[in-house]
Amino acid sequence: MKNSINLINKTFGRLKVVALSKNNSFKWVCKCKCGNTVEVYQSHLLRGEIVSCGCKQKENHKNLLNMKDIAYIKRVQSKKLSKNNTSGVKGVSFYPRRDKWIADICVNNKKMRLGYFDKKEDGEFDLHKEGGHSEFRILHHKDNTGAEIQTSLIEAVKAHPNITIFTDHYAVEIITQHHLGIIVTRHTPGIKCFGAYVLNEKTGEVDTFLSKVTVMATGGCEAVYRNTTNPLVATGDGIAMVYRAKGAVKDMEFIQFHPTALFHPGDRPSFLITEAMRGYGAVLKNQSGEEFMQKYDPRLSLAPRDIVARAIDNEMKQRGEDHVYLDVTHKDPEETKKHFPNIYKKCLSLGIDITKDYIPVAPAAHYLCGGIKVDLDGQSSINRLYAIGECSCTGLHGGNRLASNSLIEAVVYADAAAKHALNVLDRYDFNEDIPEWNDEGTMNNEERVLITQSMKEVNQIMEAYVGIVRSNTRLIRAWNRLDILYEETERLFKRCKASRELCELRNMINIGYLITRQAMERKESRGLHYTIDYPHAAAEKK
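Not measured: the values here are computed from a predicted model.

### Observations concerning the overall build of the chain
Along the backbone of the chain there are 13 helices and 16 strands. Counting all 542 residues of the chain, 51% fall into the buried class. Long-range contacts, defined as pairs at least 24 residues apart, comprise 67% of the intrachain contacts of the chain with a sequence gap of at least 6. As displayed, the chain has an accessible area near 26,600 Å², and 51% of this comes from carbon and sulfur atoms.

Here it is, written out as structure tokens:
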């Protein structure tokens, strides 16, 4: 892969670029005036980051490009962005921005092992194929890959001597200049994060955690919907905190609904029937046992998730039914049980033998493509604050995530954020002037029914009005209902001591508002956002 810009022989302060790194095509080998050699990320050079080569002159390494150099770089970047507009990629609807460039970074980075993935008898990895994929390319661990990766990471974190884990703690707000009495707006330059106010759930007290840098890795927000495959703690807490702190949040309208969550009324979250099952050969059918995907896409049951979810939604509404079926009974029973042991066990516990019976499925909220806007190093618009994983918006997914790409994104951006944070950490100090959390005059909330009922209302509003198919009328109704809940909850928050439930409700309302507002602002259908008032994608700007 070629580097995006040729910087050979260009000088950045005391550093002169002499070669492209052999190990990373987005790094350059630079020679310092002191004689030392150092490999530097291209993004650090172009932004004028201070880079240490081991000598004592790191403060003089700042970007000293002349105007001619800057004009040259802008011209090259402009051509690169135009060339890499991937809005026409088949099966995926993207934004016209840096998607291809970001995708190249993710594909060409080789990262640590995150779990034990299944292999074939010949020792090669047993790769799966999922919706929208043209190749078998997905590493997996049976049918619970995410759990395997999570277990491996948790074990690594617990074993690390420099990591302290605080259980039963819940972040309430990130700390910025606002908490020093300075007025901060969305137009305020140089907003800084100094740490977070964190609720100790065992004591009920809000503690002050100061930091040099802070990383948001708080996951998604799908619990704002009634039907979701995600844990019910996925209430968008990190995104809501950054939004309240006046940070940039974007693309919140792009909510991915997984087409095949197990339909079993009363289950929340819904059990996920992995997309790999359709890659394995399972077929979608209506309640009459008829296939229907041929009416919607030539790729049939292996079309991308947004197409399949809308197809199922349309079939259910036309027929007045609350689910469809996934049929895998034509496959070898023993192979099916071998590949999908957890799905087989779960369904069998409900009286469904997937080797003989159809699996009842319906769409459920599954993944957020938007979130906290970050750059290539995972930096948010708030200084000293990074965001990685589902809570971030990197641009990799555009308006529609392909299955399993988020795992690649999380690893690559976590690595980039860690490296960048280590490179700049010495510049920062702890801000010792931050006041303690002030809850004077508040009382314990004895009426939890106010919170639980409001949570149910948020779920119902989002499910009914801001779901798979939207309209101006539905979005306006959601906006008005959420506004009432917002006013009620803010009054409650000011009157009562902070609790996890109250903070989650507050965050859910903020997230619902963001999804609804940004959906209203998009006057087209693109990717995961589909509205009957603007059923087509807007023409791309040349």
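On we go from here.
### Observations concerning helix α9 (residues 341-349)
Where α9 is concerned, the buried positions are Ile343, Tyr344 and Cys347. Take α9 and look down its axis: the buried residues cluster within an arc of 100°, on one side only. Exposed and facing more than 90 degrees away from the buried side of α9 are Lys345 and Ser349. Residues of α9 that are buried sit in contact with β10 (255-262), α6 (276-280), α8 (333-339) and β13 (359-368).

### Description of the sheet that holds strand β12 (residues 324-327)
Overall, antiparallel pairing links the 4 strands, which are arranged β10-β13-β12-β11 in an open sheet. Both edges of this open sheet fall to β10 and β11 (283-285), since each of them pairs with a single strand only. The sheet shows a mean angle of 45° between the axes of neighbouring strands, direction not considered. In terms of strand pairing, β10 meets β13 through 6 bridges, oriented antiparallel.

### A closer look at the environment of Glu504
With respect to the secondary-structure elements, Glu504 resides in helix α13 (residues 500-521). Owing to a relative accessible area of 10%, Glu504 belongs among the buried residues under this scheme. Distance from Glu504 to Thr235, taken between C-alpha atoms, is 6.3 Å for residues 269 residues apart in sequence. Excluding anything up to four places from it in sequence, Glu504 contacts Tyr170, Val233, Thr235, Asp237 and Met455.

### Section: the packing of helix α11 (residues 449-465) against α13
Relative placement of two packed helices is described by the angle separating their axes and the distance separating the axes. In the contact formed by α11 and α13, the axes pass within 10 Å of each other and the chain directions differ by 20°. The orientation of α11 relative to α13 falls into the category roughly parallel. Here α11 and α13 pass one another in a crossing that is left-handed. The segment α11 lies against α13, with Ile451, Ser454, Met455, Val458, Asn459 and Met462 engaging Glu501, Leu502, Glu504, Leu505, Met508, Ile509, Gly512, Ile515 and Thr516. Of the residues belonging to the contact of α11 with α13, the class tally is 9 nonpolar, 4 polar and 2 charged.

### Quick word on the pattern of salt bridges
The tally for this structure, following the rule as stated, stands at 23 salt bridges. Close ionic contact of Arg500 with Glu201 constitutes a salt bridge, the shortest N to O distance being 3.1 Å. With a gap of 299 residues between them, Arg500 in helix α13 and Glu201 in the loop between β6 (195-200) and β7 (205-210) connect regions that are remote in the sequence. Residue Arg500 is classed as partly exposed on the basis of its relative accessible area of 27%. One salt bridge in this structure joins Lys285 and Asp327, with 2.8 Å as the shortest N-O distance. Placement of the pair is Lys285 in strand β11 and Asp327 in strand β12, with a sequence separation of 42 residues.

### Quick notes on the nonpolar core
By size, the foremost hydrophobic cluster in this structure holds 60 residues, and its most contacted members are Met216, Tyr225, Ile239, Met252, Ile511 and Ile515. A total of 9 residues in this core trace back to one element, the largest contributor, which is α13. Apart from the residues within four sequence positions on either side, Met252 is in contact with Cys221, Ile239, Leu368, Gly370, Gly371, Ile511, Leu514, Ile515 and Gln518. Membership of the second largest hydrophobic core comes to 26 residues, among which are Leu284, Leu326, Tyr344 and Ile359.

### Observations regarding the packing of aromatic side chains
One pass over the full model with this rule turns up 8 aromatic pairs. With 5.1 Å between their ring centres and 80° between their planes, Phe166 and Phe209 make a pair best called edge-to-face. Here Phe166, found in the loop between α4 (145-159) and β5 (169-175), pairs with Phe209, found in strand β7; they are 43 residues apart in sequence, far enough to count as distant. Given the relative accessible area of 48%, Phe166 is considered partly exposed. Classification of Phe209 as partly exposed rests on a relative accessible area of 27%. Look at Tyr225 and Phe257: their rings are 5.3 Å apart centre to centre, the planes differ by 80°, and that puts the pair in the edge-to-face class. Highlighted residues: Tyr225 in the loop between β8 (214-216) and α5 (237-244) and Phe257 in strand β10, separated in sequence by 32 residues. Residue classification places Tyr225 among the buried positions, given a relative accessible area of 0%. By relative accessible area, which is 8% here, Phe257 ends up buried. By way of ring pairs, the aromatic residues Tyr243, Trp479 and Tyr513 are connected into one cluster.

### Details of the environment of Asn383
Relative to the helices and strands, Asn383 resides in the loop between β14 (371-373) and β15 (385-387). Setting aside its immediate chain neighbours within four residues, Asn383 contacts Gly190, Ile191, Lys192 and Cys193.

### Regarding the side chain of Asp375
Note that Asp375 resides in the loop between β14 and β15. Within the structure, the side chain of Asp375 is placed 2.8 Å from the backbone nitrogen of Asp377, a separation counted as a polar contact. In terms of polar contacts, Asp375 uses its side chain to reach the backbone amide nitrogen of Gln379, at 2.9 Å.

### Focus on the sheet that holds strand β4 (residues 37-41)
Strand order in the open sheet formed by 4 strands is β1-β2-β3-β4, with antiparallel pairing between adjacent strands. Two strands in the sheet have a free side with no partner beyond their single neighbour: β1 (11-12) and β4. Looking at chain direction, strand β2 (residues 15-20) and strand β3 (residues 27-32) are connected through 5 bridges and run antiparallel. Pairing of Ala19 across the sheet is with Val29, part of β3.

Rules used in this analysis
Within each chain, residues carry numbers counting from 1 in the order of the written sequence. Given that the model is predicted, a residue must reach a pLDDT of at least 70 before its local features are reported, and side-chain atom pairs must reach 80 or more before they are shown or counted; all residues, however, enter totals for whole chains, interfaces and linings. Neither water nor hydrogens contribute to the side-chain values; these are computed over all heavy atoms in the structure. A run of H or I in DSSP becomes a helix once it reaches four residues, and a run of E becomes a strand once it reaches two; helices and strands are each numbered from the N terminus. Burial status follows relative accessibility: with a 1.4 Å probe on protein chains alone, a residue under 20% of its type maximum counts as buried, one over 50% as exposed, and anything between as partly exposed. Pairs of residues are marked as contacts when any of their non-hydrogen atoms sit within 4.5 Å. Throughout, the Shrake-Rupley method with a 1.4 Å probe supplies accessible areas, and for residues the shown protein chains are the sole cover considered. Note: the arc covers the axis-to-C-beta directions of the helix. Any two strands are treated as partners once DSSP identifies two or more bridges connecting them. In this description, a line fitted to the C-alpha atoms serves as the axis of each element, helices being fitted only across the stretch in contact, and the angle between N-to-C directions of two axes falls anywhere from 0 to 180 degrees. For classification purposes, an angle smaller than 35 degrees is called roughly parallel, one larger than 145 roughly antiparallel, one from 65 to 115 roughly perpendicular, and anything else oblique. Handedness of each helix crossing follows the sense of rotation of the near helix against the far helix: counterclockwise by less than a right angle gives left-handed, clockwise gives right-handed. Residues are grouped as follows: nonpolar covers Ala, Val, Leu, Ile, Met, Phe, Trp, Tyr, Cys and Pro; charged covers Asp, Glu, Lys and Arg; every other residue, Gly included, is treated as polar. Whenever a carboxyl oxygen of Asp or Glu lies within 4 Å of a side-chain nitrogen of Lys or Arg, that contact is scored as a salt bridge. Definition used in this section: a nonpolar core is a set of buried Ala, Val, Leu, Ile, Met, Phe, Trp, Tyr and Cys residues joined via side-chain atoms within 4.5 Å. Only Phe, Tyr and Trp rings take part, Trp by its six-membered ring, and two of them pair if their centres are within 6.5 Å. Stacked means planes under 30 degrees apart, edge-to-face means over 60, and tilted covers everything else. Pairing of N or O atoms within 3.5 Å defines a polar contact, subject to two protein rules: one partner must be a possible hydrogen donor and the other a possible acceptor, and residues neighboring in sequence count only if both atoms are side-chain atoms.

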